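Spelled out, the chains give:
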Amino acid sequence: MAYITSVNKLRLKFPDEKGLLFKDLTLSFKKGEKVLLLGPSGCGKSTLIQVLSGLIPYSIDIPIKSENIQIPNSWGFVFQDPDSQFCMPFVDEEIAFVLENLQVPREEMPERINELLDMVGLQLEDIHTSIQALSGGMKQRLAIASVLALNPDVIFLDEPTALIDEEGTEQIWNTVKNISRDKTIIIVEHKIEQIIDFVDRVIIFTPDGELLADGNMTYIFSNYKEELKKYGIWYPGAWEDFKRENNQKTVSLRNDNEVHLKNFHGYRKKEVKISLEEALIHSGEWIAVNGQNGAGKSTLLLSLMQLIKTSGDYQINEQSIKKLADLQRKAYLVFQNPEYQFITNSVFEEITYELKGGKEINNEYFHKKANDLLTIFGLHDKQHQHPYHLSLGEKRRLSVATAFIQNPKLLLLDEPTFGQDAQNTFKLLELIESERQKGTIIIMVTHDLNIVQHFATRVWEVKEGRVISDRKKNETKKKVEEKAYEYSI
Amino acid sequence: MNTAFKENWLHKINPSLKLLTISFLFVFAITIHHFNFMITFTLSVSILFIFCTGHPYKHILLFLLPFLLIFLSTAASMILFGKGETTLYKWGILHITEESLYRGLHLGLRALTFAMMGLLFALTTKPVQLFYSLMQQLKLQPKYAYSFMAAIRLIPIMIEELQTIRDAHKVRGVQTQKGMNSLLKSIKSLPIPLLSQSIRRAFRIAVAMESKRFNSSNERTFYYQVGFSHYDLLFIGYFILSISLAYLFAINFPFFPVSDVRY
C-alpha cells in the first residue's frame, strides 16, 4: 500500500530549547486514512503536521533533519485561530484569494465560490459578507472551504475547534465528515468526543515527542486510558472520572456574601446591550452563564465589573456599586486572554502587584501569602520567569491567581477553560471550586456543558441581550451541601 | 469607512488613476502662488468633495471640522507673525500686515485643499479595489498588495483589542493608583501586550497565506478586474475644465487686488 505522506527518522530542534523535540521519529500515513494525533501540550503534535505539510521548514524557519520526508502533492491546512488565518475582509474575496493563487480564470470564480460554500454548509444570503460578522464556527467552516479550493488529497487540522463553542464545534466536525470522502484527514485535537466514531487511527505521543501508541480507537482506549489521563487528554468519561476522584471535599463556608441585582442594564454607545430583571446571589453559588456567540455574555461580565455604563440597582453585601472604584477588593474579572492582564516582568511581581499598590513590599505576611498562592497554583518554580514565557495553562493559572490574592467577594471569569487540555482544565476548576467553598461567588461565562453539569450550581441563559432564564441546578444536591455548611458553622 | 453611503461615479473611477491625478493636484497646488486662483481652485475641489462623494452632508461637515481647524491654525500663524509692509494692526509682537494676511489665507486654503483631496480619495476608494488596481495597472508586486490588505484587516481587530487590554488593566488596578509614576506605567503597559499579540497574529496570517499557495513569483489571476471607463474621462475632464475656468476667472475678475502672495 502506498503512503501518501511520511517522515523517516525526523529530528527537530526549536532554537530556544535545549533538547531535540523528535528523536528519529518515523511515521507514515496511508491514503484515505482519518488519523487523530494525541498527546500532552507541548509534545510536538502540531509541529509534526507542520513538518508533514512542508510549512516547516519552508514557511516557518526551524531546523530539521531527516532521511526522507514525503510531502503530499496537494494538501490543505486549517489552523486553530479563526481570526488569524484570513487575509481578506470578505468571504468571497478570501476564497477568491486561493483561486487566484491557483490561477483559476476569473469567469469561473463566482460559481466555484458558491460551490465551495455549499460544500461546507455556509448558506449566506450574499457571498460578499464581511468575515468579521461570522461566528467562530462559521469562520472555521470558511477556512475549510478555502482549503477545499486547493482540492487537497490530505487535510491537516490543527485544533480547529479549540477556540470554538459547542455548537460551532459540532458544525465543524459535521462539515469535516461530509467532505472527507477519498481524502486523508490528519487531526490534532484535545476535544475528541465528537470525532471518536470518525477517526480510524489514533496515535499517542509522550511528553518528549516519542511515539507511545498507534492503533484504532477501541485498542487505544482499552489499553492506554491511564496514559491519556496522565497526559491530560480528553477521553470519553474524563469528567466522570475526575468527579469521582475529587469528590466529597466539603469545606466550611467562611464568609457569607450576597450580591443583589435589580433592573440591571449595561450600555454600549447608549444602547442597552444586556439586561437582567432581578437576581439575588449568595455565597456558595457558582453561576454558569450560557448563550450563543454575541448574545451578551461577556457584556454582562463587563457590566458587573463596571467597565461599561450601567443602570439599576447593584449591591454587594448591601453596599451600592456605582463605579469601578466601588468594586476594589469586592469583585475581580478574569479576561479570556490571560496575557491582556499581565503588567509586570515576573510571575512573582505579577502576584504581588495588587498587594503592594505600587510600593515595595517588605512585609513578611505578603511574602508568605504570595508564596502560598504560587505553591497552590504550581507556579513556585517559575516565579522569576516573565509571564509571557509561561505555557498556556500556566498563564491562565497565573491570571486566576492574581484574582485570588485580592480575596474578591465576587469572581467573574470569561471562558477560563477555553483551549486548555484536560489536566489544566481540571486543575483550574479545582482551584475555583475551593474558592467557591470559601464563600466567593463565582460567575463564569462558559460554553462547556460539562462544567455546567458538574460544577455550576445555577445557570443563567443569555439571549439577545437579556438574561432569559435563571435556574438553580439540582436543588436537592444544593440542599445537602447547605446542610453540610450548617453543620460546620 | 463603514458609514452608510451611496456609491456614485467617483467610486467607479479607476483607483490608480484617481491616486495619480490627486497626487498630481497635490503638487500642482503647491505651485499656485496667485491668491485669487487659489480661491477658485479651492472652490473647484470643494464642489467635488461636498456634492459628489455620496456620503451624507452631515458626515461631510463632521469630516470637515478638523480641517477647518487646520485652516485656522495654518492661516493664523502666518497672519499674526508674517512679514509685510502695509500694517493693518499692531499689538505687542502681533503684527498683521496686508501681505501677511493674504499669505496666511493662501496657506490656509492650500492646507484645506490638501485635506479635501485626501478625504475625497479616502471616502470614495475601497482598499481592496485600490490594491487590485495597483497590481493590475501599476504592476505592484502581489506580495506587497496582499500584505497591505491583510494589515488593513487587522486594524479593527487591534482597536478592539486595545480596548480590552485597557479594561483588563483597569481591573488590575493600574489606573486607580495616583501620581505621575503610575500614569506613565499605565501608558507603558499598553504597547507590549498589543504588539506581542499583533506580531504573532501577523506571523500566523503569513503562514496561513503561504499554506494557501500564495507565492509572489507565480503568475496569478484576479477576482476583480479593475479597468477604465468613461467615468475616468469625466473625472479628468472635470479637473481640466474647472481648473482652466478657475484660472481664467481669477485673472479676469479678481476678488482681491493681489497677484503673487510670495513676499
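Because the structure is predicted, anything quoted here is derived from the model rather than measured. (Residues numbered from 1 in each chain as written. Chains lettered and ligands numbered in written order. Predicted model: local features only at pLDDT ≥ 70, side-chain atom pairs only at ≥ 80, totals over all residues. Heavy atoms only, no water.)

1. What about the overall build of chain A?
Okay, step 1: Helix and strand counts for chain A stand at 16 helices and 20 strands.
Okay, step 2: Its C-alpha atoms give chain A a radius of gyration of 25 Å, within 12% of the compact-globule value 23 Å for 489 residues.
Okay, step 3: Projected onto its principal axes, the C-alpha coordinates of chain A cover approximately 70 × 50 × 45 Å.
Okay, step 4: Burial status across chain A gives 56% buried among its 489 residues.
Okay, step 5: Total accessible area on chain A stands at roughly 21400 Å², and carbon and sulfur atoms take up 45% of it.
Okay, step 6: Considering chain A, the positive charge centre built from 59 side chains and the negative charge centre built from 71 side chains are found 5 Å apart. (Helix = DSSP H or I, 4+ residues; strand = E, 2+ residues; numbered from the N terminus. Rg over C-alpha atoms; globule rule 2.2 N^0.38 Å. Buried < 20%, exposed > 50% of the residue type's maximum accessible area, 1.4 Å probe, protein only. Areas by Shrake-Rupley, 256 points an atom, 1.4 Å probe, with all protein chains shown as cover. Lys, Arg positive; Asp, Glu negative; His and termini not counted. Charge placed at Lys NZ, Arg CZ, Asp CG, Glu CD.)

2. Let's talk about the interface of chain A and chain B
It is common to give the size of an interface as the accessible area lost on bringing the parts into contact.
Okay, step 1: Across the contact, 60 residues belong to chain A and 46 residues belong to chain B.
Okay, step 2: Interface area, chain A with chain B, both sides summed: about 4700 Å², of which 56% is carbon and sulfur.
Okay, step 3: Among the residues of chain A in contact with chain B, E100, Y340 and Y353 of chain A are the three that bury the most area, contributing 15% of the side total.
Okay, step 4: Linking chain A to chain B there are five salt bridges.
Okay, step 5: Where the side of chain A that touches chain B is concerned, the elements lending two or more residues are α2 (55–58), β6 (75–78), α3 (91–101), α4 (109–119), β16 (331–334), α11 (347–356) and α13 (392–404) of chain A.
Okay, step 6: Counting residues per element, the side of chain A that touches chain B draws most heavily on α3 of chain A, at nine residues.
Okay, step 7: For the side of chain A that touches chain B, a count of residues per class yields 34 nonpolar, 15 polar and 11 charged. (Contact = heavy atoms within 4.5 Å. Buried area = accessible area lost by both parts, 1.4 Å probe. Salt bridge = Lys/Arg side-chain N within 4 Å of Asp/Glu carboxyl O. Nonpolar A, V, L, I, M, F, W, Y, C, P; charged D, E, K, R; others polar.)

3. Some words on a negative patch on the surface
All names here are of chain A.
Okay, step 1: Together, E166, E167, E170, E193 and E240 make up a negatively charged patch on the protein surface.
Okay, step 2: In terms of residues, the negative patch owes the most to one element, helix α6 (residues 166–179), which gives three residues.
Okay, step 3: Position of E240 relative to the elements: it lies in helix α9 (residues 238–245). (Patch = residues over 30% accessible without salt bridge, like charges linked within 9 Å, V, L, I, M, F, W, Y side chains within 5 Å.)

4. Some words on the pattern of salt bridges
Residues and elements named next belong to chain A.
Okay, step 1: Tallying each qualifying case throughout the model produces 24 salt bridges over all chains.
Okay, step 2: A salt bridge links D326 to K323; the nearest nitrogen and oxygen atoms lie 3.8 Å apart.
Okay, step 3: What makes D326 partly exposed here is its relative accessible area of 23%.
Okay, step 4: Judged by relative accessible area, which is 49%, K323 ranks as partly exposed.
Okay, step 5: Between K382 and E394 there is a salt bridge, and its shortest N-O distance comes to 3.1 Å. Placement of the pair is K382 in the loop between α12 (364–376) and α13 and E394 in helix α13, with a sequence separation of 12 residues.

5. Concerning the domain arrangement of chain B
Okay, step 1: In terms of domain boundaries, chain B breaks down into domain 1 (9–127 + 229–252) and domain 2 (138–211).
Okay, step 2: Look at where the C-alpha atoms of domain 1 of chain B and domain 2 of chain B centre, and you get two points 35 Å apart. (Domains from an automatic or database assignment.)

6. Details of the environment of G42 of chain A
All names here are of chain A.
Okay, step 1: Mapped onto the fold, G42 is located in the loop between β3 (34–38) and α1 (45–52).
Okay, step 2: By relative accessible area, which is 63% here, G42 ends up exposed.
Okay, step 3: Counting along the chain gives 349 residues from G42 to S391, while the straight-line C-alpha distance between them is 8.7 Å.
Okay, step 4: Every residue in contact with G42, bar those within four places of it in the chain, is listed here: L21 and P207.

7. Observations concerning helix α9 (residues 230–252) of chain B
All names here are of chain B.
Okay, step 1: Under the 1.5 Å per step criterion, the end-to-end length of α9 is 32 Å for 23 residues, consistent within 8% with the ideal 33 Å.
Okay, step 2: For α9, the set of buried residues is D232, F235, F239, S242, I243, A246 and A250.
Okay, step 3: Tucked inside the fold, the buried residues of α9 contact α1 (15–31) and α2 (35–51). (Expected span 1.5 Å × (residues − 1).)

8. So, the sheet that holds strand β8 (residues 184–188) of chain A
By definition, the strands of a sheet pair up through backbone hydrogen bonds, in either a parallel or an antiparallel sense.
Residue and element names in this part refer to chain A.
Okay, step 1: With mixed pairing, the six strands of this open sheet are ordered in space as β6-β7-β8-β3-β9-β10. One side of each edge strand has no neighbouring strand; the edge strands of this open sheet are β6 and β10 (211–215). Direction aside, neighbouring strands of the sheet carry axes that sit 15° apart on average.
Okay, step 2: Pairing geometry for β3 and strand β9 (residues 201–205), over four bridges, is parallel. What sits directly across from L38, in β9, is I204.
Okay, step 3: Running at roughly 165° to β6, helix α5 (residues 136–148) makes contact with β6 and β7 (154–158) of the sheet. (Pairing = 2+ DSSP bridges. Axes fitted to C-alpha atoms, helices over the stretch in contact; angles between N-to-C directions.)

9. Focus: the nonpolar core
Okay, step 1: One finds Y314, I443 and W460 of chain A together with Y132 of chain B to be the most contacted residues of the largest nonpolar core, which totals 189 residues.
Okay, step 2: The dominant element in this core, judged by the number of residues it contributes, is helix α4 (residues 98–124) of chain B, at 10 residues.
Okay, step 3: Counting contributing residues, this core receives three or more from each of domain 1 (9–127 + 229–252) and domain 2 (138–211) of chain B.
Okay, step 4: For Y132 of chain B, the residues in contact, after removing those within four places along its chain, are M88 and E100 of chain A together with Y146, M149, F222, Y223, Y224 and V226 of chain B.
Okay, step 5: Counting residues in hydrophobic clusters, the runner-up holds 31 residues, among them L10, L12, F29 and F205 of chain A. (Core = buried A, V, L, I, M, F, W, Y, C linked by side-chain atoms within 4.5 Å.)

10. Looking at the pairing of strand β11 (residues 258–268) of chain A
Residues and elements named next belong to chain A.
Okay, step 1: Pairing analysis gives 10 bridges linking β11 to strand β12 (residues 271–282), with the strands arranged antiparallel. Within the sheet, the bridge partner assigned to L261 lies in β12 and is A279.
Okay, step 2: In this structure, the hairpin formed by β11 and β12 is closed by a connection of two residues, where K269 is found at a positive phi of approximately 50°.
Okay, step 3: The pairing of β11 with strand β14 (residues 309–316) spans seven bridges and is antiparallel. For G266, the partnering residue across the bridge sits in β14 and is T310.

11. Focus: the environment of A403 of chain A
Residue and element names in this part refer to chain A.
Okay, step 1: Considering the arrangement of structural elements, one finds A403 in helix α13.
Okay, step 2: With relative accessibility at 0%, the residue A403 sits in the buried group.
Okay, step 3: C-alpha of A403 to C-alpha of E354: the two residues are 49 residues apart in sequence and 9.2 Å apart in space.

12. Here we look at unusual backbone geometry
Residues and elements named next belong to chain A.
Okay, step 1: Residue P57 is bonded to the preceding I56 through a cis peptide linkage, with omega at 5°.
Okay, step 2: By the element assignment, P57 lies in helix α2.
Okay, step 3: The phi torsion at E464 lies on the positive side, around 45°, for a residue other than glycine.
Okay, step 4: Inspection of the secondary structure assignment puts E464 in the loop between β19 (458–463) and β20 (466–472).

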